[in-house]
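Spelled out from the first residue to the last, the chains are:
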Amino acid sequence: MSSNKQITAVKLVLLGEAAVGKSSLVLRFVSNDFQENKEPTIGAAFLTQRCTIGDKTIKYEIWDTAGQERFQSLAPMYYRNAQAALVVYDVTKPKSFIKARHWVNELHEQASKNIIIALCGNKYDIVESEDNDASTENEDDDSRKRKVSVQEGQTLADDEGLLFFETSAKTGFNVNEVFTTIGKHIPEATSSENAAGQERVDLTNRLDSSSTDSTCQC
Amino acid sequence: MSDRPVSASNAESLFQLYRDKSPEKPGTDSKRKTVDLNGRDRYGFKISASFVDQEKYNKWWDQYSRYLIRRKLKWVKLMSKNGFEADEDSMPTKFPTRSEELKRYVRKGIPAEWRGNAWFYFCKGPERLSKNKGLYDNLCAKMDTLDEVNLEAIEKDLHRTFPDNIHFNDYSGEESLMIGSLRRVLRCYALYNPEIGYCQSLNFIAGQLLIFMDEEKTFWMLVIIHEKLLVDVHTMNLEGVSVHQGVLLLCFRQYLPLTWSVMREHDTINDDFLVNIPSLGICTTSWFMSLFIGILPVETVLRIWDCLFYEDSKSIFRISLGIFKLMEPQFVKTPEDELYHLIQSFPRTILNPNDLLDVCYRKLNSISHLKQQEIQLCKQYVINYRAKYKNLKHDDNNLLSNQERLKLLQEGIQEFGKPRVLKGLRWNSRLNKQIRKLRVESEHDI
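Residues numbered from 1 in each chain as written. Chains lettered and ligands numbered in written order. Predicted model: local features only at pLDDT ≥ 70, side-chain atom pairs only at ≥ 80, totals over all residues.

**Q** Hey, could you go over the overall build of chain B for me, with residue numbers and the actual values?
**A** A count of helices and strands for chain B gives 22 helices and zero strands. Considering chain B as a whole, with its 446 residues, one finds that 42% of them fall into the buried category. Sequence separation of 24 or more characterises 72% of the internal contacts of chain B that already satisfy a separation of 6 or more. (Helix = DSSP H or I, 4+ residues; strand = E, 2+ residues; numbered from the N terminus. Buried ≥ 20, exposed ≤ 12 C-beta atoms within 10 Å, placed from the backbone. Contact = placed C-beta atoms within 7 Å.)

Here's what the structure looks like:
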């Protein structure tokens, strides 16, 4: 290992409706593995993975959260101070895309300003064959498994300034690309030391603001 | 006749898997063979899916299964002594009245094949069932009327419940009887308790109960668990989860000062930690929500459940503290960015349940002094604190001014009267210190 290689720690949070494949994407990225019927995540799970991009190494500190609606109240604890977020939906479930939109809005409102958000349409494997099969193109929407088009995903991403991928945790399609692309967008300056220092400064600012910032109290 | 199809559980064949019985001939290896059913444990879980390698598991099991046989014989004797007819093959449905001796026996482990009956009995299940005859069947009859959101949420999780357990997933491609039972129990419970409905993690609790008892009893156990152990934990806003974490943090401060100081140092826990639960505290939410399923190895979880169902909610806190106590030597020397990983991975290594239970219940250990009353008072304090904070907080930045914080803390103390009302917890004296500090600061503000 070259000694002057800088390791950047990046806190990344996964958000999205239940059973869209958040934990499976992480499992694919961290262990290059896939499990059918992966057990639901309760609360949140924490995993790490290193990723080398060019001459920099990124250590992802991943918070994989529970998807059920009611866990949303716990989400701020996971995305506060996060530098990156993966908002995941299932390309076969329109409702999960609506949910993804909500998460993007919440992140824009509540998370740190510079957060890098990647939108992931997962379970691409299910629609892959019909996408490639020209004969199904004219069939009505009901018989198609795909319920969220690539364009819809791309448009949301363009409007909101997100990275966009369609992925398959099952086949591994595009999974590493998501993480390496996020890594490329992480500014050089946020080394692990700096990130930790940043947090501390933030907290004291927050505490101080309650007593000194009179403008927000009147 | 009932609409309920035959339950998957309680079948004699299932019990055969985990009977704690002496080997037919001393010295034969029959015990281990009954365990290693194609690499599965006696409950049907795949050992390779557990957290330790097979060799280590077998070595431990060889010892532990001998312990189980010894304990079973002692239980048989205890039962006879108390006037119950029992031998190695009997399946008692009634147990001796509560006593210090019985508590000791429970803490050392209930025989696996008696667990279903014993848990149900100790939780006063038979009384609930006889007072509410037919209730479960009525719920079953109308379970399809459950709202779409809950139906869908349950359906999403059924096949994701213990996919590595042979009773839940027999690889036939057909839905197992167990999944059918699980669906009915979860739907009925969601109908019965609309404030909770279906919450992820209930699938695991119900699923594990179904390995030991039929679905009607499982249903009543869910009802009792939410009255007795997990109040508000699975409700819509999950407020109970945050309250429990708050109480646990207060317990750390009192019973594991070393761990607490490391947490404070690393996680910059500020004075509002009861409201904004710090990240390290949040790692343990699933311990409460799923009653340690998936957190600790299977046999360890079952031993904990023995204690939980015989005792009360303090056990959850004692066990949580016990895990941290075992982890403490590693915890204090682990760098900050590895702590989350440690909290997740360490519990999986507690293969021998006795290691954990000794820490929680041995008289010499301070954790064993944690009393139910203390937990109750502490919980009430956290609930009130959080409620008042919410009423006072500014919508713009969610933070209180020093004056408001001062008021809140003073009210907290007044409510609980004398500062020494909680013998075990020193949080009152700490509050006084905070108040002094805040008073100085707010005078400064003015």
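**Q** Pulling in residues and values, what's your account of the environment of T349(B)?
**A** Residue and element names in this part refer to chain B. Within the element layout of this structure, T349 appears in the loop between α18 (336-345) and α19 (353-361). Taking the C-beta count within 10 Å as the criterion, T349 has 15 such neighbours and is therefore assigned partly exposed. The spacing of T349 and L296 is 53 residues in sequence and 7.5 Å in space, taken between C-alpha atoms.

**Q** Describe the sheet that holds strand β4 (residues 84-90) of chain A, naming the residues involved and giving the relevant values.
**A** All names here are of chain A. Strand order in the open sheet formed by six strands is β2-β3-β1-β4-β5-β6, with mixed pairing between adjacent strands. Sheet topology places β2 (44-53) and β6 (163-166) at the edges, where each strand pairs with a single neighbour. Taken pair by pair, the neighbouring strands of this sheet meet at an average axis angle of 25°, ignoring direction. Each of β5 (116-122) and β6 is contacted by helix α5 (residues 150-160), which is oriented at about 160° to β6, the strand it contacts most. (Pairing = 2+ DSSP bridges. Axes fitted to C-alpha atoms, helices over the stretch in contact; angles between N-to-C directions.)

**Q** Please set out the packing of helix α5 (residues 115-122) of chain B against helix α16 (residues 298-310) of chain B residue by residue, giving values where relevant.
**A** Residues and elements named next belong to chain B. Where α5 meets α16, the closest approach of the two axes is 8 Å, and the angle between their N-to-C directions is 25°. Here α5 is positioned roughly parallel relative to α16, judged by the angle of their axes. The chirality of how α5 crosses α16 is left-handed. The segment α5 lies against α16, with R115, W119 and F122 engaging L302, W305, F309 and Y310. (Parallel < 35°, antiparallel > 145°, perpendicular 65-115°, else oblique. Left-handed = near helix turned anticlockwise from the far one by under 90°.)

**Q** Can you explain the nonpolar core? Please cite residues and give values.
**A** Of all hydrophobic cores here, the largest spans 166 residues; its most connected members are A85(A) and V87(A). Not counting residues within four places of it along the chain, the set of residues in contact with A85(A) comprises L12(A), V13(A), L15(A), Y79(A), L107(A), A111(A), I115(A) and I117(A). (Core = buried A, V, L, I, M, F, W, Y, C linked by C-beta atoms within 7 Å.)

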